[in-house]
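Structural description and commentary
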Amino acid sequence: MSKARRISPARGTAKRPRLDLLQAAADIVAALPDAVVVTGTDRRVLAANKAGADLLGWGISDVVGQAIADQVPPGERAHVASREDKVLAGEPQRYETRIVNHQTGEERDVAVSSGPFRVDGDLIGTVATLRDITDPKRAADTLARSEARYRHLVESASDAIVTLDANGRFTTVNHAAENISGYKREELVGQWFAPMLPDDDLPKALGHFQQALSGETGLFESQFYRKDGEVRTISITYSTPQKDEEVLCLIRDVTDQKMLQEQLIQSEKMSAIGQLVSGVAHELNNPLAGISAFAQLLLAEKRFPPDQRTAAETIYSEARRASRIVQNLLTFARQHKAEKVPTAINQVLDDTLELRGYELRVRGIDVRREYDDSLPETMADAHQLQQVFLNLTTNAEQAMEQRDGHHHRLTVRTRRSGDAIRIEIEDTGAGIPPNLIERIFNPFFTTKPTGSGTGLGLSISLGIVREHEGRIWAESPAQGGARFVVEVPITAPRTSGDFTAATPVQSGGNDHLRVLVVDDEASVRVSLQRYLAGKGHEVETTASGEDALTRLKASKYDAVIVDMRMPDLSGEQLFERLRSNDPAHAERVIFTTGDLVNEQMRRFLDGTGRPCVAKPFEFASFDQALPAARRR
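Numbering of residues begins from 1 in every chain and follows the order in which that chain's sequence is written. Given that this is a predicted model, residues contribute local features only at a pLDDT of at least 70 and side-chain atom pairs are listed and counted only at 80 or more, while totals for whole chains, interfaces and linings are drawn from all residues. Side-chain metrics in this entry use all non-hydrogen atoms of the structure; hydrogen atoms and water are not considered.

This part is about the pairing of strand S14 (residues 409-417). Pairing analysis gives five bridges linking strand S12 (residues 366-370) to S14, with the strands arranged parallel. Bridging from a neighbouring strand, Arg368 pairs with Thr411 of S14. Bridge analysis of S14 against strand S15 (residues 420-427) gives seven bridges, and the strand direction is antiparallel. Looking across to S15, one finds that Val412 is bridged to Ile425. When DSSP locates at least two bridges between a pair of strands, those strands are taken to pair. Going along the chain from the N terminus, every DSSP run of H or I of four or more residues is numbered as a helix, and every run of E of two or more is numbered as a strand. Where S14 folds back on S15, the antiparallel hairpin that results is connected by two residues, among which Gly418 adopts a positive phi of roughly 70°.

Secondary-structure assignment places Asn285 in helix H8 (residues 255-300). Exposure remark for Asn285: the relative accessible area of 0% places this residue in the buried category. Under the rule applied, a polar contact is a pair of N or O atoms within 3.5 Å (in protein, one hydrogen donor and one hydrogen acceptor; residues adjacent in sequence only if both atoms are side-chain atoms). Within the structure, Asn285 has its side chain in polar contact with the backbone oxygen of Gly594 (distance 2.6 Å). Exposed residues in this analysis have more than 50% of their type's maximum accessible area, buried residues have under 20%, and partly exposed residues fall in between, with area computed by a 1.4 Å probe over protein chains only.

Examined against the element boundaries, Asn391 turns out to sit in helix H12 (residues 382-401). For Asn391, the side chain forms a polar contact with the side chain of Ser461, separated by 3.1 Å.

Tracing the backbone through its elements, the reader meets Gln479 in the loop between strand S16 (471-475) and strand S17 (482-489). For the pair Gln479 and Thr428, spaced 51 residues apart in sequence, the C-alpha separation works out to 8.5 Å. Polar contacts involving the side chain of Gln479 include one to the side chain of Glu426, which spans 2.8 Å.

Our focus in this paragraph is the packing of aromatic side chains. Each Phe, Tyr or Trp ring, with Trp reduced to its six-membered ring, pairs with another whose centre is within 6.5 Å; inter-plane angles below 30 degrees give stacked pairs, above 60 give edge-to-face pairs, and intermediate values give tilted ones. Scanning all chains against the criterion turns up nine aromatic pairs. Every member of this aromatic cluster is reached through a ring pair, and the members are Tyr531, Phe617, Phe619 and Phe622. Whether a charge lies above a ring is judged from NZ of Lys or CZ of Arg, which has to be within 6 Å of the ring centre and within 35 degrees of the ring normal. Over the aromatic face of Tyr557 sits the side chain of Arg514, whose NZ or CZ is 4.4 Å from the ring centroid.

So, on to the environment of Ala382. Summarising the element assignment, Ala382 is placed in helix H12. When the C-alpha positions of Ala382 and Lys340 are compared, they lie 7.6 Å apart, and in sequence the two are 42 residues distant. Note on contacts: a residue pair is in contact if any heavy atoms of the two residues lie within 4.5 Å. The contact partners of Ala382, leaving out residues within four places of it in the chain, are Thr343 and Val348.

Turning our attention to the sheet that holds strand S8 (residues 218-225). Here five strands make up an open sheet; going across it, the order is S7-S6-S10-S9-S8 and the pairing antiparallel. Of all the strands in the sheet, the pair left with one neighbour each is strand S7 (170-173) and S8. Taking each pair of neighbouring strands and ignoring which way they run, the sheet shows an average axis angle of 30°. Pairing between S8 and strand S9 (residues 231-242): eight bridges, direction antiparallel. In the strand pairing of S9, Tyr225 is matched with Val231. Note on definitions: angles span 0 to 180 degrees between N-to-C directions of axes, and those axes are lines fitted to C-alpha atoms, for helices only across the stretch in contact. Most of the contacts of helix H7 (residues 202-213) go to S8, to which it runs at about 140°, and overall it touches strand S6 (160-165), S8, S9 and strand S10 (246-253).

Let us look at the nonpolar core. To define a nonpolar core, start from buried Ala, Val, Leu, Ile, Met, Phe, Trp, Tyr and Cys residues and group those joined through side-chain atoms within 4.5 Å. By size, the foremost hydrophobic cluster in this structure holds 34 residues, and its most contacted members are Ile345, Phe389, Leu392, Leu410, Ile423, Phe484 and Val486. Mapped onto this core, the elements with two or more residues apiece are helix H10 (345-355), H12, S14, S15, helix H13 (457-467), S16 and S17. For this core, the element with the highest residue contribution is H12, accounting for six residues. In this structure Leu410 touches Leu353, Leu360, Ile365, Asp366, Val367, Arg368, Thr393, Ala396, Met400, Ile425 and Glu426, once residues within four positions along its chain are discounted. Core analysis: the second largest hydrophobic core is formed by 26 residues, Val173, Leu197, Phe220 and Tyr238 among them.

Before going further, it helps to spend a moment on helix H14 (residues 522-534). One less than the number of residues in a helix, times 1.5 Å, gives the span that helix is expected to have. Here H14 contains 13 residues, and its C-alpha end-to-end distance of 18 Å stays within 8% of the 18 Å for a straight helix at 1.5 Å per residue. Within H14, burial applies to Val524, Arg525, Ser527, Leu528, Tyr531 and Leu532. Downstream of H14 by a residue or two, Gly536 has a phi angle that is positive, lying close to 95°.

Let's shift gears to the sheet that holds S12. Sheet strands pair by backbone hydrogen bonding; their relative direction is either parallel or antiparallel. Spatially, five strands are ordered S12-S14-S15-S17-S16 in an open sheet, and the strand pairing comes out mixed. Here the strands that pair on one side only, and so sit at the sheet edges, are S12 and S16. Pairs of neighbouring strands in the sheet enclose a mean axial angle of 15°, with direction left out of account. H10 rests against S12, S14, S15 and S17 of the sheet, and its axis sits at about 165° to S14. In the packing of H12 onto the sheet, the strands contacted are S14, S15, S16 and S17, and the crossing angle to S15 comes to about 25°.

A surface patch of nonpolar side chains, about 230 Å² in accessible area, is lined by Ile28, Val29 and Leu32. With respect to the helices and strands, the residue Leu32 is situated in the loop between helix H1 (21-31) and strand S1 (35-40). A relative accessible area of 36% means that Leu32 is categorised as partly exposed. Residues enter a patch when their relative accessible area is above 30% and they make no salt bridge; the linking distance is 9 Å between like charges and 5 Å between nonpolar side chains (Val, Leu, Ile, Met, Phe, Trp, Tyr). Where accessible areas are quoted, they stem from the Shrake-Rupley method and a 1.4 Å probe; at the residue level, only the protein chains shown are allowed to cover. A carboxyl oxygen of Asp or Glu within 4 Å of a side-chain nitrogen of Lys or Arg is what we treat as a salt bridge.

What follows is the structure in structure tokens.
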């Protein structure tokens, strides 16, 4: 076996040239994209690479000897000098400053990394690396301004803007979200949204949340609980910035808007009720007029048996009661222009309680009237005050209905209080919490369950009472329940102008008149014929306005009793024809109607100056009207 040849490491290998480290360092520095500047202890430039010379705006040979302070804006010179002092003391520094380009005068932002520069152990100055960060810093500043602008937009938005993670927990919320929810920002972040929603709305909300995570956009409404327990209605618009990771929601509180919509709907309903009742009032009052009239005829019979007289009195009383209910409903439902006239407050309260009489009875609520019968009349709008009293009465009914197992009583009091009339409506319900008693007159505020009220009844009542220069407030009686107090000033009726004293009507004595009754309701015609004939008058009847014109053309009548609504010719049309062609008979017309609340009809009647008897009527009304209409 041959012996292996030993090979010298020097053999077969090219000899490497000696490395000039100083030159290599110079070449590396020259090739760096960052500026490198060496300064002496006198703070003047000893050397710089091309990037450094270009940054300072000098040629590479001209930059040597330049004072570094001249390359820095005046406002930065003290800062740079203090940093360089620390470097010369052996402490390396990293900081940001600005330099001025000698050629262009442009200021540039630079990040400086500076350290001591030693040769053979001796400190001869500093060596600094300068990186131009102008463009990145401007981009960062622009981004920061953009973020601040959008953050301001989000924070100043009136709608809540929130984001939720994939688990339905709040990650960001704006200021409006705090206002709408009642929670602080730190309380919301990290909280799951589900406990804030009612059980009925939660499945719908979870379904929309899953759709949002999958990338869909949408809109839905839901109710939610504020921190204080108040239930509000919100509209939620959602989108997905990051699919399967994040949901963005724009939330608007639409509670007041929904309540306003409900109030408008209610207003439309009331308007529709007014039109409906106006249409049927005449039809209802006609049969009521017949019932009342025949009851009066029976009661006028002197030989009428006592037991049957009681029955006739009951019929007469109930007919009048039904008539008042129709009239009260009509005046309340109709849009009514404010008109202050001498008003008896006790009568307005009685009319209001009669409207609610059935509801009060079926709910087992006893009504106690504690009236001051000596109260004077005052100038007021009875229809508007009736709306106030009806609102307060209805609220009292609902408050007592919610309190089970208790004998309930509604007490209505009136009395004089100085120069005002004081009305108290007191119930035995659960009462008003002390923290809410100052808020109950605010628009849209309600303690009733959703759908049971709009929160406008008391605010409307407040406006009506203030329009009457009065006051309204709530109290909590010591025995429990709630008491609402209304005070309206006592204003004496005017003695001149619109309210003139009525001229007493003289009795017709033994005058025997010829009367034409024009009414499409048979019971009204027959009852009037019997009554007037019993008084010694000659009476003719007709159901047609056209037939009445024919008779009036052929004969003369002392009085013409005309119904305002008839199928072929209305009372208004008949009167206008007479006024144009037969003014003598036009001056003998007596109108009857079952709808005196109709504003258009009232304006017409006021314009004619002729008497009008409301249905159902008292026969005595004709005893007063006929003498004024008899032929002269």
